[in-house]
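Here is what each chain is made of, one letter per residue.
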Amino acid sequence: MNKRFFRIAAGLLLSATLAACSPLSLVNAVSPNGAVQVTSGIAYGAGERRRLDIYRPKTAGADAPVIVFFYGGNWVSGDRKDYAFVGQALAARGFVVVVPDYRLYPQASYPDFLVDGAQAVAWTRRAIGEYGGDPRKLYLMGHSAGAYNAAMLALDDRWLGRQGLRPDALRGWIGLAGPYDFLPVQNRTTRPVFHYPDTPADSQPIRHVSATAPPALLIAANKDSLVDPVRNTGGLAARLQAAGVPVQTAYYDGVNHATLVASLSTTLRGLAPTLDAVEAFVRSNGGRAAAPAATP
């Protein structure tokens, strides 16, 4: 299939959005899942928003790398079921994938969703062995607001620390189009989530970089009109590099803020090599070793 096909598919995704349909439902509907086993609705804490789904290869052994994926939605929307295509895509590459829900505004605000995320990671660390995952090969990943969540859990030891863990329990983390440095808050939807105008300065991932941070893979769309890739992805990458932390970056044309994560799906995979980059990072032990050849 050529790039024209993928541009058409991306156009259909946009059309579904404009028609008030669920574009992610459309992506899920055309994403095959025959080789993936799904376990849904596992409680990692109290309440309906503290549940998670697990995706794993049907042929997985007992030591597969584990990826906890946090979705975006500006901390005001999102549902784990909408991101089945992410779990399916990563599980088809041999990973065990955990997709948790977390509390959203107005029921929650900063830092409640980080508390929830840390709980989900702690649950994964304790229990994922029962699902074929190796808790010693644990990665965090997120898109947009979810990339922020992953970054804060990986860089700011307060959150995993409440669960008796440290960021060095992670082999690495992956951020797609993440907001890592966004003060003062400009987005009016985001402002109450972060208690504007009294947003804590230490709510920003870029302020928590240290030499002990886990390796990172930061991916962004060059044409992202929602989250500035230069300030956020580029700025955090530079800070990590200055601290001596292994970090890889990738900037893609042909995608925007939304279609960057959609490019993980089977239908839109030709828009950008996002899935291949994620697989290479995980297979190389967070960039510490050469990656094996990608799975077809």
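Preceding this paragraph is the structure being described.
Calculation criteria
- Residues numbered from 1 in each chain as written.
- Predicted model: local features only at pLDDT ≥ 70, side-chain atom pairs only at ≥ 80, totals over all residues.
- Heavy atoms only, no water.
- Helix = DSSP H or I, 4+ residues; strand = E, 2+ residues; numbered from the N terminus.
- Buried < 20%, exposed > 50% of the residue type's maximum accessible area, 1.4 Å probe, protein only.
- Areas by Shrake-Rupley, 256 points an atom, 1.4 Å probe, with all protein chains shown as cover.
- Pairing = 2+ DSSP bridges.
- Phe/Tyr/Trp six-rings, centres within 6.5 Å; stacked < 30°, edge-to-face > 60°.
- Contact = heavy atoms within 4.5 Å.
- Polar contact = N/O pair within 3.5 Å; in protein donor to acceptor, adjacent residues only side chain to side chain.
- Salt bridge = Lys/Arg side-chain N within 4 Å of Asp/Glu carboxyl O.

Quick word on the overall build of the protein
Scanning the protein from N- to C-terminus turns up nine helices and eight strands. Burial statistics for the protein: of 296 residues in total, 53% are counted as buried. Put simply, the protein shows about 12,300 Å² of open surface, and 52% of that area lies on carbon and sulfur atoms.

Details of the pairing of strand E2 (residues 51–57)
Extensive coverage of E2 is indicated by the burial of six of its seven residues. With six bridges connecting them, strand E1 (residues 36–43) and E2 associate as antiparallel partners. Residue pairing across strands places Ala43 opposite Arg51, the latter belonging to E2. In this sheet, strand E4 (residues 96–100) lies alongside E2 in antiparallel orientation, the contact comprising four bridges. Its bridge partner being in E4, Leu52 is matched across the sheet by Pro100.

Some details on the packing of aromatic side chains
Applying the stated criterion to the full structure yields 18 aromatic pairs. Ring geometry for Trp75 and Phe113: centres 5.8 Å apart, planes at 25°, overall stacked. Here Trp75, found in the loop between strand E3 (64–70) and helix H3 (84–92), pairs with Phe113, found in helix H4 (residues 112–127); they are 38 residues apart in sequence, far enough to count as distant. Between Trp75 and Phe182 the ring centres are 6.2 Å apart and the planes differ by 35°, which places this aromatic pair in the tilted class. Of the two residues, Trp75 is situated in the loop between E3 and H3 and Phe182 in the loop between strand E6 (172–176) and strand E7 (216–221); the sequence distance between them amounts to 107 residues. Like Trp75, the residue Phe182 is buried in the burial classification.

Some remarks on the environment of Tyr110
Relative to the assigned elements, Tyr110 resides in the loop between E4 and H4. Accessibility expressed as a relative area gives 7% for Tyr110, which makes it buried. With 89 residues separating them in the primary sequence, Tyr110 and Thr199 have C-alpha atoms 9.1 Å apart. In contact with Tyr110, other than residues within four places in its own chain, are Tyr148, Met152, Arg158, Trp159, Val193, Phe194, His195, Pro200, Asp202 and Ser203.

A few points about the side chain of Asp101
Among the structural elements, Asp101 can be located in the loop between E4 and H4. For Asp101, a relative accessible area of 3% corresponds to the buried category. Within the structure, the side chain of Asp101 is placed 2.6 Å from the side chain of Arg80, a separation counted as a polar contact. Discounting chain neighbours no more than four positions away, the residues touching Asp101 are Tyr44, Arg49, Arg51, Tyr71, Gly78, Asp79 and Arg80.

Some thoughts on the pattern of salt bridges
One pass over the full model with this rule turns up 14 salt bridges. Among the salt bridges present, the one from Arg49 reaches Asp101, with a minimum N-O distance of 3.9 Å. With a gap of 52 residues between them, Arg49 in the loop between E1 and E2 and Asp101 in the loop between E4 and H4 connect regions that are remote in the sequence. A residue is classified by how much of its surface remains accessible, and Arg49, at 24% relative accessible area, is partly exposed. One salt bridge in this structure joins Glu279 and Arg283, with 3.3 Å as the shortest N-O distance. Separated by four residues within a single helix, Glu279 and Arg283 lie in helix H9 (residues 274–283), roughly one turn from each other. Through salt bridges that share partners, Arg49, Asp53, Arg80 and Asp101 make up one connected network.

Interpretation in functional terms is not warranted from these geometric data alone.
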